[in-house]
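Geometric and topological summary
The residues making up each chain are set out below.
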Amino acid sequence: MVRLGVHVGPGTTVWTQPCKFDYSDFTFSPPSVSVSLQGENVASVRVQFPCATSRSCPPQGCCPLSQMIDLWTTVTVYSQLNVSNYQTRTVWTEELVLQVEFQGLLPGQDYCAVANFSFRPRSFSTSSPSSQPQCVHTAAKPGEGQS
């Protein structure tokens, strides 16, 4: 419930009618992701949350949303060669940056990572848009791809 007041003179405030809102009234920017390989078949995905506008943020500073609300973050890594080859993790976080690892990647393939977040797990009405995909290439096994 929100109500705004306008100060029109000494001791005089005009108030608006109360207005109800819920989480579906909010819109969010997507998080950003970066992905790197840890060893031959492990992808490490780093998720950075967008900044929130807040009076308590320093000027030209950033207050990540994760500092203000608890976020459920869904991170997916998928193979560009075979999109049915994917792994997804949904985790609750209050960190500034989320780090998630995915194991068992197949050699010689391009894997991409995307992420989004919400107030509740698997809630599309309160979700951010998905991040732009970021991709890495796993090394082929010796002898593969050679004639």
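Structure first, text after, so check above.
Analysis parameters
Residues numbered from 1 in each chain as written. Predicted model: local features only at pLDDT ≥ 70, side-chain atom pairs only at ≥ 80, totals over all residues. Heavy atoms only, no water. Buried < 20%, exposed > 50% of the residue type's maximum accessible area, 1.4 Å probe, protein only. Helix = DSSP H or I, 4+ residues; strand = E, 2+ residues; numbered from the N terminus. Pairing = 2+ DSSP bridges. Axes fitted to C-alpha atoms, helices over the stretch in contact; angles between N-to-C directions. Core = buried A, V, L, I, M, F, W, Y, C linked by side-chain atoms within 4.5 Å. Contact = heavy atoms within 4.5 Å. Phe/Tyr/Trp six-rings, centres within 6.5 Å; stacked < 30°, edge-to-face > 60°. Patch = residues over 30% accessible without salt bridge, like charges linked within 9 Å, V, L, I, M, F, W, Y side chains within 5 Å. Areas by Shrake-Rupley, 256 points an atom, 1.4 Å probe, with all protein chains shown as cover. Salt bridge = Lys/Arg side-chain N within 4 Å of Asp/Glu carboxyl O.

Quick look at the pairing of strand E9 (residues 97-102) now. Side chains of E9 alternate between two faces, with Leu98, Val100 and Phe102 buried and Val97, Gln99 and Glu101 left unburied. Pairing geometry for strand E4 (residues 43-48) and E9, over six bridges, is antiparallel. What sits directly across from Val47, in E9, is Leu98.

Across the sheet, three strands lie side by side as E3-E4-E9; this open sheet has antiparallel pairing. The open sheet has two free edges, formed respectively by strand E3 (32-37) and E9, since each of these has just one partner strand. Shown here is a sheet whose adjacent strand axes are inclined to one another by a mean of 20°, direction ignored.

For the rest of this paragraph, the subject is the nonpolar core. Membership of the largest hydrophobic core comes to 22 residues, with the highest contact counts inside it found for Val45, Val47, Val75, Val77 and Phe102. Counting residues per element, the ones that place at least two in this core are E3, E4, strand E7 (71-79), E9 and strand E10 (110-118). Among the elements that line this core, the one with the most residues is E10, at four residues. If sequence neighbours within four positions are ignored, Val47 has contacts with Pro31, Ser32, Val33, Thr73, Val75, Leu96, Val97, Leu98 and Ala115.

Looking now at the environment of Val35. When you line up the elements, Val35 lands in strand E3. Considered as a pair, Val35 and Gln134 are 99 residues apart in the sequence and their alpha carbons are 6.3 Å apart. Every residue in contact with Val35, bar those within four places of it in the chain, is listed here: Ala43, Ser44, Val45, Ala113, Gln134, Cys135 and Val136.

Turning next to the packing of aromatic side chains. Per the counting criterion, the structure on display carries one aromatic pair. Look at Phe49 and Phe117: their rings are 5.9 Å apart centre to centre, the planes differ by 80°, and that puts the pair in the edge-to-face class. Pair noted here: Phe49 is in the loop between E4 and strand E5 (51-52) and Phe117 is in strand E10, with a separation of 68 residues, a long-range link.

Bringing a nonpolar patch on the surface into the picture now. A contiguous nonpolar surface patch, about 250 Å² in accessible area, is contributed by Val6, Val8 and Val14. Taking the relative accessible area as the measure of exposure, Val14 reaches 46% and is therefore partly exposed.

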